[in-house]
Amino acid sequence: MAATAPTAAGHRARPGSVPFLWRLAVGGSAIGLVLAAARGVQLDGVAHGGSWRIFGRLHPVLVHFPIVLLLAVPVLELAGRWRPALREAAGFLLGCALPCAVVAVWAGLILARTDGHDGALLTTHLQGGAAVAIGTALTWWVRPWSRFVYALLLILTVGTLMWAAHNGGSLTHGADYLTEPLPPMLKQALHIKEAPAPETYGADTVFGAAVRPVLEKNCFSCHGPEKQKGDYRMDTFAALLAGGKSGVPAIVPGDILHSELLRRLSLDVTDEKVMPPKRKPRPTPAEVALLHWWIKQGASRTLQVSAVTNAPPEVLALLAGPVVAPAPEGEAPYQPRVGDYSALRDEIARLEKTLGIRLVQVSQHSGDGLLLRTRGAEARFGDAELAQLTRVAPFIVEAELDGTRITDAGLAALKPFSNLTRLHLEHTALTGTTLGVLKELPKLTYLNLCATRVTDDQLSALTSSAGLQQLYLFGSQVTSGGVSGLKARLPNTQIGPIELTKDPAP
Ligand code: HEC
């Protein structure tokens, strides 16, 4: 067959074009290389370094080759209507663009891995880049056969190229780099929202000291500077009150009944509209009480903490900061739960940064230990990440591993968590074969295994965890028989229901 074989569409491959099998092999390998890169290069936000780094750093330079080549192709195709030689050149440049695009994708992935970049915009940019390389391969491949499909693919590929390039620009220069200098009228006409200037609040005000931190902790991941779900952002005071898409004000100062924010917070956790959405960490009842009280008082931005005298006790306690009651006379003095980890401060900061987790101090006494929070990093927190915590493990008293990628094999890494009291493992792929490890956690009082694949058989591994006070198994594969078996062995453990029950009437 080869160069002049007629095709189904009746077109003839032009002389000089590459034979069919060759095109198939080259186009296929290009696509294969892109897919292999996308699958094989793991982006975990950790800067892995290494000698490939220099190749990654060349991405911003290399990426311009396929861009220029691809942009030239439609120009030459059009000009080729008058000067056919240019059309020939278009095919040649398209062929050159293909390896350049593949190399640029590889360099981009290596840049992200060696320098530890990640995030939603980066993912979009990478997907765009990979789509351009694959589009280039397909475009190059169909060119000899169908002008129509070719033209269509070329338009799509160049369109994707623009979009991917724009995302790349936003990554390096900031999302509003291009639109920022536009005149305000034009911005309004184009519905471009200006990023508001960051605001700061005095730590002596109720808002700055307590209200905003609560929102920051529970809501900013979706309603902050980076994301504005429902078109609602809370990081500036005006926007916080204004609300989002619904048009309903989120906060009406002094009016708790018409403040959408409070309504959303107080919905039933199974409600579609509840905030934070289902399964996301919720503010504590005291924190909700604080928001409630603050809005009722007029949602002041300036009210001083020192001026607050009349507020519900839980609110006063929050405003006073975490309180540790002074030891009453005759009682034992403060007993630290964990040892001194001050020498590990840098290590803790590094772990927080590279793993995207938080290691939060439980109280102002460092002796009360640390909370391990994986919220936001669940998708990239697995066995390997848990194993990296070995050095700080003895200082962690509570570990929120729910929703992470942790597996049975990874549980062994919990051994050094000698002071762990609360362990969240719900919504993980655990089957429970290694639950025996938990025997080695003498202080464990709370264990959540909801929505895992743990079965009755595996549960028997817990029979020697006599200190366990609360155990949750809802949505696991444990049966009522398994529960009663365990209850007999662990009479002091409160085991949550495994089936839906109605809450007892108050
Ligand atoms: C995991 C993401 C996520 C978190 C965390 C989150 N929200 Fe939302 N929020 C959304 C989404 C998505 C919408 C839009 C859909 C809707 O209205 O239900 C929304 C909408 C809202 C709205 C309605 C805005 C409007 O006028 O349309 C309010 C009010 C709100 N959230 C309050 C909160 C508060 C308060 C918190 C923190 C306690 C919070 N949200 C945390 C995802 C989140």
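Residues numbered from 1 in each chain as written. Predicted model: local features only at pLDDT ≥ 70, side-chain atom pairs only at ≥ 80, totals over all residues. Heavy atoms only, no water.

Q: Would you mind showing me how to read the overall build of the protein chain here?
A: Across its full length, the protein chain holds 18 helices and seven strands. Since a compact globule built from 506 residues should have a radius of gyration of about 23 Å, the 30 Å found for the protein chain marks it as more spread out than a globular shape. Judged by the C-alpha coordinates and their principal axes, the protein chain covers about 100 × 60 × 50 Å. Looking at the protein chain as a whole, 39% of its 506 residues are labelled buried. Counted over contacts in the protein chain with a minimum sequence separation of 6, partners at least 24 positions apart contribute 60%. With the model as given, the accessible surface of the protein chain reaches about 27,700 Å², and the carbon-plus-sulfur share is 61%. (Helix = DSSP H or I, 4+ residues; strand = E, 2+ residues; numbered from the N terminus. Rg over C-alpha atoms; globule rule 2.2 N^0.38 Å. Buried < 20%, exposed > 50% of the residue type's maximum accessible area, 1.4 Å probe, protein only. Contact = heavy atoms within 4.5 Å. Areas by Shrake-Rupley, 256 points an atom, 1.4 Å probe, with all protein chains shown as cover.)

Q: Hey, could you run me through the domain arrangement of the protein chain in this one?
A: Think of interface size as the accessible area that goes away when the parts come together; that is how it is often given. Looking at the assigned domains, one finds that the protein chain contains domain 1 (20–173), domain 2 (206–319) and domain 3 (342–495). Placing a centre on the C-alpha atoms of domain 1 and another on those of domain 2 gives a separation of 45 Å. (Domains from an automatic or database assignment.)

Q: For this particular structure, what's the right way to read the site of the ligand?
A: Residues in contact with the ligand amount to 21 residues; listed here are only the nearest, C219, C222, H223, S246 and M275. S246 places a polar side-chain atom, nitrogen or oxygen, 2.6 Å from an oxygen atom of the ligand. Between R264 and the ligand, the recorded distance is 2.8 Å, taken from a side-chain N or O atom to an oxygen atom. When residues of the shell around the ligand are traced back to their parent elements, those giving at least two are α10 (220–223) and α12 (260–266). Residue composition of the shell around the ligand, by class: nine nonpolar, seven polar and five charged. (Near = heavy atom within 4 Å. Polar contact = N/O pair within 3.5 Å; in protein donor to acceptor, adjacent residues only side chain to side chain. Nonpolar A, V, L, I, M, F, W, Y, C, P; charged D, E, K, R; others polar.)

Q: For this particular structure, what's the right way to read the packing of aromatic side chains?
A: Aromatic ring pairs are described here by two measures, namely the spacing of the ring centres and the angle between the planes. The final tally for this structure, using the stated rule, is ten aromatic pairs. With a centroid separation of 6.3 Å and an interplanar angle of 85 degrees, the aromatic rings of F237 and W294 are classed as edge-to-face. Residue F237 is located in helix α11 (residues 237–242), and its partner W294 is located in helix α13 (residues 285–296); the two are separated by 57 residues in the primary sequence. F237 sits in the buried class, given a relative accessible area of 9%. (Phe/Tyr/Trp six-rings, centres within 6.5 Å; stacked < 30°, edge-to-face > 60°.)

Q: Where do I start with the pairing of strand β3 (residues 396–400) in this structure?
A: Successive residues of a regular strand alternate their side chains across the two faces of the sheet. Of all five residues that make up β3, five are buried, and the element is covered over most of its length. Here β3 runs beside strand β4 (residues 422–424); their pairing, made up of three bridges, is parallel. Within the sheet, the bridge partner assigned to E398 lies in β4 and is R422. (Pairing = 2+ DSSP bridges.)

Q: Would you explain the environment of V142 in this entry?
A: Tracing the chain through its elements places V142 in helix α6 (residues 120–142). For V142, a relative accessible area of 13% puts it in the buried group. Setting aside chain neighbours within four positions, we find V142 in contact with V149, Y150 and L153.

Q: What's the story with a positive patch on the surface in this structure? I'm lost.
A: On the surface, K227, K229, K278, R279 and K280 cluster together to form a positively charged patch. Examined against the element boundaries, K229 turns out to sit in the loop between α10 and α11. (Patch = residues over 30% accessible without salt bridge, like charges linked within 9 Å, V, L, I, M, F, W, Y side chains within 5 Å. Salt bridge = Lys/Arg side-chain N within 4 Å of Asp/Glu carboxyl O. Lys, Arg positive; Asp, Glu negative; His and termini not counted. Charge placed at Lys NZ, Arg CZ, Asp CG, Glu CD.)

Q: I would appreciate a short explanation of a nonpolar patch on the surface in the present structure.
A: Among the surface-exposed residues, I54, L58, V61 and F65 lie close enough to one another that they form a single nonpolar patch of about 390 Å² accessible area. With respect to the secondary-structure elements, F65 resides in helix α4 (residues 64–79).

Q: Would you mind showing me how to read the packing of helix α1 (residues 20–40) against α6 here?
A: How two helices sit against one another is set out by the angle between their axes and by the gap between those axes. Orientation of α1 relative to α6, taken along the N-to-C sense of each, is 175 degrees, at an axis distance of 9 Å. One element, α1, and the other, α6, form an angle in the roughly antiparallel class. On α6, the residues touching F20, R23, L24, V26, G27, A30, I31, V34 and L35 of α1 are A130, A133, I134, A137, L138, W140 and W141. Here the contact of α1 with α6 is composed, by residue class, of 14 nonpolar, one polar and one charged. (Axes fitted to C-alpha atoms, helices over the stretch in contact; angles between N-to-C directions. Parallel < 35°, antiparallel > 145°, perpendicular 65-115°, else oblique.)

Q: Where do I start with the coordination of the iron atom of the ligand in this structure?
A: Between any two of four tetrahedral donors, the ideal angle at the metal is 109.5 degrees; between two of six octahedral donors, it is 90 or 180 degrees. In this structure, H223 (NE2) and M275 (SD) serve as the protein donors to the iron atom of the ligand, at separations of 2.0 to 2.2 Å. One way to put it: the six donor atoms around the iron atom of the ligand meet at angles of 87 to 179 degrees, and that makes the site octahedral. Taken as a pair, H223 in helix α10 and M275 in the loop between α12 and α13 lie far apart in primary sequence, 52 residues in all. When its relative accessible area of 25% is taken as the criterion, M275 is described as partly exposed. (Donors = N, O, S within 2.8 Å, 3.2 Å for Na, K, Ca; no water. Tetrahedral: all angles 85-135°; square planar, octahedral: opposite > 155°, others 65-115°.)

Q: Would you mind going over the sheet that holds strand β6 (residues 470–472) with me for this structure?
A: One key point about sheets: their strands pair by backbone hydrogen bonds, in either a parallel or an antiparallel sense. The strand order β1-β2-β3-β4-β5-β6-β7 describes an open sheet built from seven strands, whose pairing is mixed. With partners counted over all chains shown, the strands left at the sheet margins are β1 (358–361) and β7 (494–495), one partner each. With three bridges connecting them, β4 and strand β5 (residues 446–448) associate as parallel partners. Each bridged residue has a counterpart across the sheet, and for L423 the counterpart in β5 is L447. Strand contacts of helix α15 (residues 345–355): β1 and β2 (370–373), with the helix running at about 135 degrees to β1, the strand carrying the most contacts.

Q: Whenever I open this one, the confidence of the model for the protein chain confuses me. Can you help?
A: When pLDDT is averaged along the protein chain, the result is 86, and 92% of the positions lie at 70 or above. When mean pLDDT is compared element by element in the protein chain, α4 scores highest at 96, while helix α8 (residues 184–189) scores lowest at 80. Counting contacts from residues 1–13, a segment whose pLDDT is below 50, to residues more than four positions away or on other chains yields 16 contacts. (pLDDT = per-residue confidence, 0-100.)

Q: Sorry if this is basic, but what is going on with α13 here?
A: Within an α-helix, residues lying three or four positions from one another point in the same direction, as the helix has 3.6 residues per turn. Here α13 spans 16 Å end to end across twelve residues, near enough to the 16 Å set by a 1.5 Å rise per residue. Burial in α13 covers these residues: E287, A289, L290, L291, W293, W294 and I295. Directly after α13, the chain includes G298, whose backbone phi takes a positive value near 115 degrees. (Expected span 1.5 Å × (residues − 1).)

Q: How should I be thinking about the pairing of β2 in this particular structure?
A: Across four bridges, β1 lies against β2 in antiparallel orientation. Bridge assignment links V360 to a residue of β2, and that residue is L371. Of the pairings in the sheet, the one linking β2 to β3 comprises four bridges and is parallel in character. Bridge pairing in β3 places L372 opposite A399.

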